[in-house]
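Residue strings, one per chain:
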Amino acid sequence: MTTVSIVIPCFNEITTLEQIIDAVLASPIQGKEIIVVDDASTDGTSELIRDKVESRVSHVVYHEQNQGK
């Protein structure tokens, strides 16, 4: 089976990140993995990921400094 990687880059997305992940999880795509990349958020997004999101996704990447890209 082919794996489909869905990358969700985020910076200060505390209000929408869970909704985005819920939408991806609800999609009919088979063999998907979700990768969340937190670009050094300052609004609590990092804490949200650790507390609620990390267990629902395949991988999380935390940038210590904002990459600004």
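Here is what the cut-offs are and how they apply
- Residues numbered from 1 in each chain as written.
- Predicted model: local features only at pLDDT ≥ 70, side-chain atom pairs only at ≥ 80, totals over all residues.
- Heavy atoms only, no water.
- Buried < 20%, exposed > 50% of the residue type's maximum accessible area, 1.4 Å probe, protein only.
- Helix = DSSP H or I, 4+ residues; strand = E, 2+ residues; numbered from the N terminus.
- Arc of directions from axis to C-beta.
- Contact = heavy atoms within 4.5 Å.

J.: Report on helix α2 (residues 45–53), specifying residues and quantitative values.
T.: Inspection of α2 places Thr45, Ser46, Leu48, Ile49 and Val53 among the buried residues, and these make up the whole buried set. One face of α2 carries all of its buried residues, which in axial projection span an arc of 160 degrees. Where α2 is buried, its residues meet β1 (4–10), α1 (17–26), β2 (32–38) and β3 (59–62).

J.: Got a sec to walk through α1? Specific residues and values, please.
T.: Note: α-helices contain 3.6 residues per turn, so residues at a spacing of three or four share the same orientation. Regarding α1, the residues found buried are Leu17, Ile21 and Val24. Summarising the axial view, the buried residues of α1 lie within an arc of 60 degrees, below the 170-degree limit, and thus occupy one face. Among the exposed residues of α1, those oriented more than 90 degrees off its buried face are Gln19 and Ala26. For α1, the secondary structure elements touched by its buried residues are β1, β2 and α2.

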